[in-house]
Amino acid sequence: MARRIAIQRGRMSLILAVVGVVGLVAGPAAAASAEVFYDEGGCVVQQVTDGAPAGGSQCAGVDFGATSMGQAAFMGANLAGANLSGSKLQAANFTGANLEGANFTDAQVEGADFTDSGILPGTITAEAADANGAPIEFAPVVPLGLTAGDCMIVDVPVVSGTVFPIGDSGMVCKFSSSNGTAIAVVKIQVTPHPEATEAPTPLFTDEPTTSGTTGTAASTRQPTDWGLIALVGGGAVVVLALGVVAMVISRRRPAIVSGDDSSDDSAKSDD
């Protein structure tokens, strides 16, 4: 039994050692296999699976014309004035990028993500005008070569000025080039208006004004103490109830006495 345990421990140690060696060998190989599409100066473009360079690539004015960069990581990149015409950008991620003056003419953008890249803000916040929410205005600013499409919420088109409810909502907006369709996700945050909340329905309403007062005149009557009225009213109800009972008893008691006397008189007459 002890030998069997020792053999099992030996096998486990051997397996761990082999795994460690494979990890040491595979680690550098995995790092060396990272695909880089462009690396010049401060502009580094690589696949999304490898992550974007810290701080974002500085690619302002760079000519990427007709470069194949599918699934490229452009997150946070500065692409102001960059030429991306004719490039293959399927499933590329432009989240947070600066696209001012960029050219996407004839670029393949199928499945690309343009969230918060200057075409539309990543988040739109507004304060509710009333209990229904707030109207949200938005206007896409598309770079050269892209065309703005519909914005949708669960396949329902949303236009600028639509009233969004209080809370968080999300809409997906589409953009297209001559070679494919891309998207941008916009988060809508509507906060309640502190002065527009509905007042609770009062349990009691004020007494109507007399005929001699006008509807616009301010009431000078002191606030009604409804707790006191409820207490006094409750006591009045109890007193009233006791009075009714006493009245009923008092009315019934002579009838009973009269009945008894008549029966006694009739008994006497029978005798």
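Before any of the text, the structure's been laid out above.
Given the structure is predicted, the values throughout are model-derived calculations rather than measurements.

Q: Tell me about the state of the cysteines, and name the residues and values.
A: Summed over the entire model, instances satisfying the criterion amount to 2 disulfides. Shown here is the disulfide that connects Cys-43 with Cys-59, its sulfur atoms set 2.0 Å apart. Residues Cys-43 and Cys-59 are joined by a disulfide whose S-S torsion is about 95°; by sign, that bridge is right-handed. On the criterion of sequence distance, the pair formed by Cys-43 in strand S2 (residues 43-46) and Cys-59 in the loop between S2 and strand S3 (123-127) is long-range, its members being 16 residues apart. You can call Cys-43 buried: its relative accessible area is 1%. On the accessibility criterion, Cys-59 (0% relative accessible area) is buried. Disulfide partner of Cys-151: Cys-173, at an S-S distance of 2.0 Å. Linking Cys-151 and Cys-173, the disulfide has an S-S dihedral of approximately 110° and is accordingly described as right-handed. Placement of the pair is Cys-151 in strand S5 (residues 147-153) and Cys-173 in strand S8 (residues 167-177), with a sequence separation of 22 residues. Residue Cys-151 shares its accessibility class with Cys-173, and that shared class is buried. Each disulfide of the chain joins two cysteines, and with those cysteines numbered along the sequence the arrangement is 1-2, 3-4.

Scoring rules and cut-offs
Residues numbered from 1 in each chain as written. Predicted model: local features only at pLDDT ≥ 70, side-chain atom pairs only at ≥ 80, totals over all residues. Heavy atoms only, no water. Disulfide = S-S within 2.5 Å. Helix = DSSP H or I, 4+ residues; strand = E, 2+ residues; numbered from the N terminus. Buried < 20%, exposed > 50% of the residue type's maximum accessible area, 1.4 Å probe, protein only.

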